[in-house]
Amino acid sequence: MTRVYETTVTAPVNIAVIKYWGKRDSALILPTNSSLSVTLSQDHLSTRTTIRASAEFTKDRLWLNGVEEDIGASKRLTNSIATARKLREALEQKQRSNGIEDTVPLSKWSIHICSENNFPTAAGLASSASGYSALVSALGTLFELPQSAAELSRVARVGSGSACRSMFGGFVAWRAGIAADGNDSFADQVADHRHWPELQALILVVSDKKKTVSSTAGMQTTVETSELFGERVHSVVPRRMQAMEKAIAERDFATFADITMRDSNQFHAVCLDTYPPISYMNDVSRSIANIIHAFNGVRGRAAAAYTYDAGPNAVIYALKDDMRELVELLSYCFPRDPAVLAADFYTDPFGVLGSADRAGQLPASPGIAQLAEAVGQFPAGSVRRIIHTEVGDGPRVLPASQSLLNEAGMPKRAKE
């Protein structure tokens, strides 16, 4: 039986608590500052990618969520594939020099790539990060590359900067580096996903539409025009990176929350200082931030922390003991659209409400109920979905039964 050279992996989403914004080298995707993120569980948010290499394929092909894309249209994609192929070619040459004559020339074969997200693409949920991490992880496994995850993170970085952080689970720093060739700009795991099991996250999907100003275009304009940007890069971020790593090591949520919110606020302030200004948050986004501050006020401590990437969707970090009241508050203030099923609006994967049908009811705690009534209810559907998740692991290799390609190497779920 002819061997099939194929690999399927899943890769996670990561959400930065210290933001990456700005490049010192656009071609190599070298950042102006280091950043730090939390990898979220693939049980709730992930990209699955299958790659098959075959001598019979006539060209490289790509399908995203069932739709074939022009693989040559993305220079970053072709660069990532080319970089992985060079690493495979070097391995093949080494094997042949060591007398292994039956080395399979995978670096010369065309590939079929099929990738699917289980969350909205390009809507502020870091889809490019999980996508390129899945791509590079799959290529690394398929090509049997000897490079470590940190070394492969440099390959993922060439596709999407934040993708390098999705090469690890847990808490991950992207070291900016100073080398012109980017050799010292890679991902570094600060702590694994088992380090802080009490930490969970809510993602409030305010919009699942593609953002109007891409991250790539936005950050370049910021670098060129923002007067606040230099202070952030040279003074603020280095200090926050050190403090955040310490907070994570000590599982100090109060400090973690303070830095997370302040860095999100400053990132968006820099975007507004860009000329012309960039506004990724909307009125609902800002209202969520205000509610979190009010929630912390009622609790008398930092019980929750918001952060926003380049989009309107809110990510709320909190410890699991505070999640019930937080979900009750947010689902009451932002009721679901009647056209959306309760189980689709909030799935309650950790059983904090006992039933997804309880989402939207007035909170049981008198203090939180009073806050909820003071805030009031926004128009139904202002928040389209609430995703409850936790800290998760890095890329996973799946069994052949989970392949997205059929026996002919074509997508199982292709769309016209």
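In this report, the structure presented in the accompanying data block is examined. (Residues numbered from 1 in each chain as written. Predicted model: local features only at pLDDT ≥ 70, side-chain atom pairs only at ≥ 80, totals over all residues. Heavy atoms only, no water.)

Notes on the sheet that holds strand 13 (residues 304-307)
Here comes step 1: Here 4 strands make up an open sheet; going across it, the order is 13-14-12-15 and the pairing antiparallel. Across the chains shown, the open sheet's two edge strands, defined by having one partner strand only, are strand 13 and strand 15 (385-390). Averaged over neighbouring strand pairs, the angle between their axes works out to 20 degrees when direction is ignored.
Here comes step 2: On top of the sheet, helix 6 (residues 253-273) reaches strand 12 (199-205), strand 13 and strand 14 (314-319); it is set at about 25 degrees to strand 13, its chief contact.
Here comes step 3: In this fold helix 7 (residues 283-299) packs onto strand 12, strand 13 and strand 14, with an angle of close to 165 degrees to the strand it touches most, strand 13. (Pairing = 2+ DSSP bridges. Helix = DSSP H or I, 4+ residues; strand = E, 2+ residues; numbered from the N terminus. Axes fitted to C-alpha atoms, helices over the stretch in contact; angles between N-to-C directions. Contact = heavy atoms within 4.5 Å.)

Quick word on helix 2 (residues 127-142)
Here comes step 1: The end-to-end C-alpha distance of helix 2, which contains 16 residues, comes to 22 Å, matching closely the 22 Å that a straight helix rising 1.5 Å per residue would cover.
Here comes step 2: Here helix 2 lies mainly inside the structure; 13 of its 16 residues are buried.
Here comes step 3: Within two residues after helix 2, E144 carries a phi angle of roughly 55 degrees, on the positive side. (Expected span 1.5 Å × (residues − 1). Buried < 20%, exposed > 50% of the residue type's maximum accessible area, 1.4 Å probe, protein only.)

A few points about the side chain of T274
Here comes step 1: If you trace the backbone, T274 turns up in the loop between helix 6 and helix 7.
Here comes step 2: For T274, a relative accessible area of 1% puts it in the buried group.

Digging into the nonpolar core
Here comes step 1: F256, I288, I316, Y317 and L326 are the most contacted members of the largest nonpolar core, which has 67 residues in total.
Here comes step 2: Here this core takes 7 residues from helix 8 (residues 323-333), the largest share from any one element.
Here comes step 3: When sequence neighbours within four positions are dropped, the list of residues in contact with L326 reads L202, I292, F295, A304, I316 and A318.
Here comes step 4: I81, W109, I111 and L135 belong to the second largest nonpolar core, which has 42 residues in total. (Core = buried A, V, L, I, M, F, W, Y, C linked by side-chain atoms within 4.5 Å.)

Description of the packing of aromatic side chains
Here comes step 1: Per the counting criterion, the structure on display carries 11 aromatic pairs.
Here comes step 2: Ring geometry for Y20 and W174: centres 4.6 Å apart, planes at 65 degrees, overall edge-to-face. With Y20 in the loop between strand 2 (14-18) and strand 3 (23-25) and W174 in strand 10 (residues 171-175), this pair connects stretches of sequence that are 154 residues apart. Of the two residues, Y20 and W174, neither departs from the other in class, the shared state being buried. (Phe/Tyr/Trp six-rings, centres within 6.5 Å; stacked < 30°, edge-to-face > 60°.)

Some remarks on the sheet that holds strand 11 (residues 186-191)
Here comes step 1: With antiparallel pairing, the 4 strands of this open sheet are ordered in space as 2-5-10-11. Lying at the two open borders of the sheet, with one neighbouring strand each, are strand 2 and strand 11. Across the sheet, the axes of successive neighbouring strands diverge by a mean angle of 35 degrees, strand direction being ignored.
Here comes step 2: For strand 2 and strand 5 (residues 35-39), the ladder comprises 4 bridges, and the chain directions are antiparallel. What sits directly across from I18, in strand 5, is L36.

Some remarks on the packing of helix 8 against helix 10 (residues 366-375)
Here comes step 1: At a minimum axis distance of 10 Å, the contact between helix 8 and helix 10 shows a crossing angle of 20 degrees. With respect to each other, helix 8 and helix 10 are oriented roughly parallel. Considering only the axes of helix 8 and helix 10, their crossing is right-handed. Residues E325, L329, Y332 and C333 of helix 8 touch helix 10, and the partners they reach there are I368, L371, A372, E373 and V375. (Parallel < 35°, antiparallel > 145°, perpendicular 65-115°, else oblique. Left-handed = near helix turned anticlockwise from the far one by under 90°.)

Some details on the environment of R76
Here comes step 1: Take R76: it is sitting in helix 1 (residues 75-97).
Here comes step 2: Judged by its relative accessible area of 25%, R76 falls in the partly exposed class.
Here comes step 3: Taking C-alpha positions, R76 is 25 Å from F229, a pair spaced 153 residues apart along the chain.
Here comes step 4: If near-sequence neighbours (up to four positions away) are discounted, R76 is found in contact with K23, I29, Y132, V158, G159, S160 and T216.

Describing the side chain of S110
Here comes step 1: Relative to the assigned elements, S110 resides in strand 9 (residues 110-117).
Here comes step 2: By relative accessible area, which is 14% here, S110 ends up buried.
Here comes step 3: Not counting residues within four places of it along the chain, the set of residues in contact with S110 comprises R52, A53, S54, F57, T58, K59, D60 and R85.

Side note on the pattern of salt bridges
Charged atoms that come close allow side chains of opposite charge to pair.
Here comes step 1: Scanning the entire structure with this criterion turns up 21 salt bridges.
Here comes step 2: The partner of E245 in a salt bridge is R175, with the nearest N and O atoms 2.8 Å apart. On the criterion of sequence distance, the pair formed by E245 in helix 5 (residues 229-249) and R175 in strand 10 is long-range, its members being 70 residues apart.
Here comes step 3: For E245, a relative accessible area of 22% puts it in the partly exposed group.
Here comes step 4: Across the pair R194 and D192 runs a salt bridge, and its minimum N-O distance is 3.1 Å.
Here comes step 5: The structure contains a network of salt bridges with shared partners spanning R299, R301, D322 and E325. (Salt bridge = Lys/Arg side-chain N within 4 Å of Asp/Glu carboxyl O.)

Things to note about the environment of V206
Here comes step 1: Examined against the element boundaries, V206 turns out to sit in the loop between strand 12 and helix 4 (215-225).
Here comes step 2: For V206, a relative accessible area of 8% puts it in the buried group.
Here comes step 3: In the structure, V206 is positioned 86 residues away from I292 in sequence and 15 Å away in space, judged by C-alpha atoms.
Here comes step 4: Apart from the residues within four sequence positions on either side, V206 is in contact with N282, V284, I288, P312, N313, S382 and R384.

Examining the layout of surface pockets
To locate leftover empty space, one rolls a probe as large as a water molecule over the atoms.
Here comes step 1: Reported here for the second largest pocket is a volume of approximately 280 Å³.
Here comes step 2: Lining the second largest pocket we find 15 residues, and of these T2, R3, V4, S54 and E56 sit closest to its centre.
Here comes step 3: Residue contributions to the lining of the second largest pocket peak at 3 residues, all from strand 6 (residues 46-54).
Here comes step 4: Here the lining of the second largest pocket is built from residues that sort into 8 nonpolar, 3 polar and 4 charged. (1 Å grid on protein atoms, 1.4 Å probe; cavity = no way out; pocket = protein on both sides within 12 Å on 5 of 7 lines; lining within 4 Å. Points joined across faces, edges and corners; volume = space filled by probe spheres on them. Nonpolar A, V, L, I, M, F, W, Y, C, P; charged D, E, K, R; others polar.)

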